[in-house]
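Structure at a glance
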Amino acid sequence: MTVPAPVKGSYTWDRSFRLWDTYFALIWLATLVFVLGTDRPGWPVRVTAAALLLPLVPLYVWIGRPVLQGDPPDERRAVGYLVAQMALFLPSAVLVGETRLMCFALVPPCFMVLRLRWALIAVTVINIAPVIGWTLLWWPGAQDVFFNSVFAVVTLVFSMALGTWIIRVIEQSQERAELIAELDASRHEVSRLSSAHGALAERERMAREIHDTLAQGFTSLLMLIQAVEAELHDDPAQARRHLALMDETARQNLAEARALVAGGTPADLADASLPDALRRLAARHDAALAVTGPVRALPAAPEVVALRSCQEALANARKHAGSSATVSLTLAYADETLTVSVRDDGCGFEPDAVSGGYGLAGLRTRAAEAGGTALVRSAPGGGTTVTVRLPVSPASPASPLRSPR
């Protein structure tokens, strides 16, 4: 069994090292009291043994504590610290047997900073060497040797058990540190992906807005310019009418651009109801509008989707239906739905053959985001009908209803 390579931040005692300070201080003080309070050997020997214990305190404070708090510990410095501790402890323990109480403070650091094999060697030396040296120095009676040997074996077994527990703590701490690091990395990745997704969604939204407003407005301006150039000499009155329409379209585009920058309500809906906005839109496209059902105020979201859908459908009709096509709009209010429909009797197309662009795909996306549906029906030579159905809150019997003007 080997201790895994330490992971930064994995040592559980980093945040509660005062507990180890208190433990070391209590064991050291108790050992000193036992050494000085025993009956034998004589005072000179006991004082010498106590004197050897005194440097253990500054050694622990200045060298041992920083080494043990290393993340991970410096193994070379750790070995030097433990060797210095043993150099002070072993002579004292050989002189006075009571010094062996200090091994309870010296064993845990061995498992904290050394690999298991070296920790076992160090712990064995700490527990067994003092008994052997004490026996060879003082030649005590057989009974004393037996009891001290049993005590050494018991403390060695206890040290092994304590070391196993410390190793398990290290392993669990490392696993938790790795899990925390993985969770942090996952959280950062999720945050990055969320930001990227939000940016992408915002770009797509802005692309749809620009396509449905500014791009269509500029397309209308180009078409009107071409019409004015053709009518300027032959039909000045019609040219002037188209110029006025160009002026209105340019102003409308400017208002839409300001609304996009401000992130507010579309310009057509800023100071008007949805039927009024669609009526103005239909007039700009020479289309007829029919409103059915009781008109009522609705949340902004479905009204914006309905307006943008009509703008897209009318722009497509102008570009693809043909100059002679007739276009009509229908706005239908029901208890739980709002339906807008744009129909032209132009040349039509095959819906399944259309791919790419923001037009129909953006229209369907808008409707889906609002919880509704967008249906395009068309056939070559059979005209085109775009129907968008959106869910809305049911009409309240107490709310005032308006009839279409």
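Look up: the structure comes first, before these words.
In short, a report on the structure. (Residues numbered from 1 in each chain as written. Predicted model: local features only at pLDDT ≥ 70, side-chain atom pairs only at ≥ 80, totals over all residues. Heavy atoms only, no water.)

**Here's the deal with the packing of aromatic side chains**
Applying the stated criterion across every chain yields a total of four aromatic pairs. Ring centres 6.1 Å apart and planes at 85 degrees place the aromatic pair W20 and Y23 in the edge-to-face group. Of the two residues, W20 and Y23 are both situated in helix α1 (residues 17-37); the distance of three residues between them amounts to about one turn of the helix. For Y23, a relative accessible area of 29% puts it in the partly exposed group. Ring centres 5.6 Å apart and planes at 65 degrees place the aromatic pair F146 and F147 in the edge-to-face group. We note R46 situated over the ring of W43; from NZ or CZ to the ring centre the distance is 4.4 Å. Over the ring of W134 we find R100; its NZ or CZ atom is 5.7 Å from the centre of that ring. (Phe/Tyr/Trp six-rings, centres within 6.5 Å; stacked < 30°, edge-to-face > 60°. Helix = DSSP H or I, 4+ residues; strand = E, 2+ residues; numbered from the N terminus. Buried < 20%, exposed > 50% of the residue type's maximum accessible area, 1.4 Å probe, protein only. Lys NZ or Arg CZ within 6 Å of the ring centre and 35° of its normal.)

**Digging into helix α3 (residues 56-68)**
In this model α3 runs just 15 Å from its N-terminal to its C-terminal C-alpha over 13 residues, more than 12% under the 18 Å that 1.5 Å per residue would give. At W62, α3 shows its largest bend, some 35 degrees, and a proline, P66, comes one to four positions later. Those residues of α3 that fall on the buried side of the exposure criterion are L56, L59, Y60, G64, V67 and L68. Where α3 is buried, its residues contact α1, α2 (43-53), α4 (75-95) and α5 (103-113). (Expected span 1.5 Å × (residues − 1). Bend = angle between axes of the 7 residues up to and from the residue. Contact = heavy atoms within 4.5 Å.)

**Quick word on the sheet that holds strand β4 (residues 373-378)**
Reading across the sheet, the five strands line up as β1-β2-β3-β5-β4 and stay open at both edges, with mixed pairing between neighbours. Each having just a single partner strand, β1 (288-292) and β4 make up the two edges of the open sheet. Shown here is a sheet whose adjacent strand axes are inclined to one another by a mean of 10 degrees, direction ignored. Here β1 pairs with strand β2 (residues 327-333) via five bridges, running parallel. Bridged to A288 within β2 is S328. Contacting β1, β2 and β3 (337-344), helix α10 (residues 274-284) crosses the sheet at an angle of about 175 degrees to β2. Lying on the sheet, helix α11 (residues 300-321) is in contact with β2, β3 and β5 (384-391); it crosses β3 at an angle near 10 degrees. (Pairing = 2+ DSSP bridges. Axes fitted to C-alpha atoms, helices over the stretch in contact; angles between N-to-C directions.)

**A short note on unusual backbone geometry**
In the segment running from R40 into P41, the intervening peptide bond is cis, with an omega of 0 degrees. Inspection of the secondary structure assignment puts P41 in the loop between α1 and α2.

**Topic: α11**
Here α11 contains 22 residues, and its C-alpha end-to-end distance of 30 Å stays within 8% of the 32 Å for a straight helix at 1.5 Å per residue. Counting buried positions over the 22 residues of α11 gives 17, a clear majority of the element. Positive phi shows up at G322, right after α11, with a value of about 110 degrees.

**A look at the pairing of β5**
Extensive coverage of β5 is indicated by the burial of six of its eight residues. Across eight bridges, β3 lies against β5 in antiparallel orientation. Each bridged residue has a counterpart across the sheet, and for T339 the counterpart in β5 is R389. Remark: five residues form the turn of the hairpin made by β4 and β5, two consecutive strands paired antiparallel; G381 in that turn has positive phi of roughly 80 degrees.

**Notes on the side chain of T135**
Within the secondary structure layout, T135 lies in helix α6 (residues 116-138). Within the structure, the side chain of T135 is placed 2.7 Å from the backbone oxygen of V131, a separation counted as a polar contact. Discounting chain neighbours no more than four positions away, the residues touching T135 are P140 and V145. (Polar contact = N/O pair within 3.5 Å; in protein donor to acceptor, adjacent residues only side chain to side chain.)

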